[in-house]
Amino acid sequence: QVQLVESGGGLVQAGGSLRLSCAASGSIFSIGTMGWYRQAPGKERELVASIISGGSTNYADSVKGRFTISRDNAKNTVYLQMNSLKAEDTAVYYCYSYVNRVWGGGMDYWGKGTLVTVSS
């Protein structure tokens, strides 16, 4: 069993900041890519940012320069620092991790999501 638990969502005014965290736990041998997707009402889920185990990152154009993804490999945790938030950043944010399991094999695991609401 592997679980991902997100935290840090909430309500913030436009221009404000939030920091999301996502901790993976369970039968983990190692973790590859970690990242965040988001889904706004009536829209498809989209990639926000990702980070590989070595630290290289990738961002959606809409968040470049405002969001920063990071990870703590010792804690199996990925973070998303969100600054200069806009109303269009309002969405449910989901974290994911590619987990190599103790008993073999690997797959993507997902958190249940955390709601971020930005008021204008």
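Everything numeric in this text was worked out from a predicted model, so none of it was measured. (Residues numbered from 1 in each chain as written. Predicted model: local features only at pLDDT ≥ 70, side-chain atom pairs only at ≥ 80, totals over all residues. Heavy atoms only, no water.)

Chemist: Help me understand the pairing of strand β3 (residues 18–26), please; the structure alone is not making it clear to me.
Modeler: One face of the sheet, then the other: side chains in a regular strand alternate in exactly this way. Of the strand pairs in this sheet, strand β1 (residues 2–7) and β3 are connected by six bridges, and their pairing is antiparallel. Bridged to Glu6 within β3 is Cys22. Two strands pair when backbone bridges link them, and β3 and strand β8 (residues 77–82) are joined in this way by six bridges, in the antiparallel orientation. Paired with Ser21 across the strands is Tyr79, a residue of β8. (Pairing = 2+ DSSP bridges. Helix = DSSP H or I, 4+ residues; strand = E, 2+ residues; numbered from the N terminus.)

Chemist: Would you explain the side chain of Thr114 in this entry?
Modeler: Structurally, the position occupied by Thr114 is in strand β11 (residues 114–119). In this structure Thr114 touches Glu6, Gly9, Leu20, Ala91, Val92 and Tyr93, once residues within four positions along its chain are discounted. (Contact = heavy atoms within 4.5 Å.)

Chemist: Is there a simple way to explain the pairing of strand β9 (residues 91–101) in this structure?
Modeler: The buried fraction of β9 is high, at eight of eleven residues. Direction of pairing for strand β4 (residues 28–39) relative to β9: antiparallel, over a ladder of nine bridges. Looking at the pairing, Trp36 lines up with Cys95 of β9. Linkage of β9 to strand β10 (residues 106–110), two consecutive antiparallel strands, is achieved through a turn of four residues, within which Gly104 is found at a positive phi near 110°. (Buried < 20%, exposed > 50% of the residue type's maximum accessible area, 1.4 Å probe, protein only.)

Chemist: Whenever I open this one, the nonpolar core confuses me. Can you help?
Modeler: Trp36, Val48, Phe67, Ile69, Leu80, Met82 and Tyr93 are the most contacted members of the largest nonpolar core, which totals 31 residues. Discounting residues that sit within four places of it in the chain, Ile69 has contacts with Met34, Gly35, Trp36, Ala49, Ser50, Ile51, Thr57, Tyr59, Val78, Tyr79 and Leu80. (Core = buried A, V, L, I, M, F, W, Y, C linked by side-chain atoms within 4.5 Å.)

Chemist: Even after reading the chapter, I still don't get the sheet that holds β1, so can you show me in this structure?
Modeler: The strands making up a sheet are joined through hydrogen bonds of the backbone, oriented either antiparallel or parallel. Reading across the sheet, the four strands line up as β1-β3-β8-β7 and stay open at both edges, with antiparallel pairing between neighbours. A single partner strand is all that each edge strand has here, and the edge strands are β1 and β7 (67–72). Neighbour to neighbour, the strand axes of the sheet diverge by 15° on average, direction disregarded. (Axes fitted to C-alpha atoms, helices over the stretch in contact; angles between N-to-C directions.)

Chemist: Is there a simple way to think about the pattern of salt bridges in this case?
Modeler: One side chain can pair with another of opposite charge once the charged atoms of both are near each other. This structure, assessed with the given rule, holds four salt bridges. Linking Asp89 and Arg38 is a salt bridge whose minimum nitrogen-to-oxygen distance equals 2.9 Å. Of this pair, Asp89 sits in the loop between β8 and β9 while Arg38 sits in strand β4, and the two are 51 residues apart along the sequence. Classification of Arg38 by relative accessible area gives buried; the value is 6%. (Salt bridge = Lys/Arg side-chain N within 4 Å of Asp/Glu carboxyl O.)

Chemist: So what exactly am I meant to see when it comes to a nonpolar patch on the surface here?
Modeler: Among the surface-exposed residues, Phe29, Val102 and Trp103 lie close enough to one another that they form a single nonpolar patch of about 400 Å² accessible area. Within the secondary structure layout, Trp103 lies in the loop between β9 and β10. Take Trp103: its relative accessible area is 53%, and that puts it in the exposed class. (Patch = residues over 30% accessible without salt bridge, like charges linked within 9 Å, V, L, I, M, F, W, Y side chains within 5 Å. Areas by Shrake-Rupley, 256 points an atom, 1.4 Å probe, with all protein chains shown as cover.)

Chemist: Which parts of the structure should I look at to understand the environment of Ala60?
Modeler: Mapped onto the secondary structure, Ala60 falls in the loop between β6 (57–59) and β7. On a C-alpha basis, the gap between Ala60 and Gly111 in space is 20 Å, while along the polypeptide they are 51 residues apart. Among residues more than four places away in sequence, those in contact with Ala60 are Leu47 and Val48.

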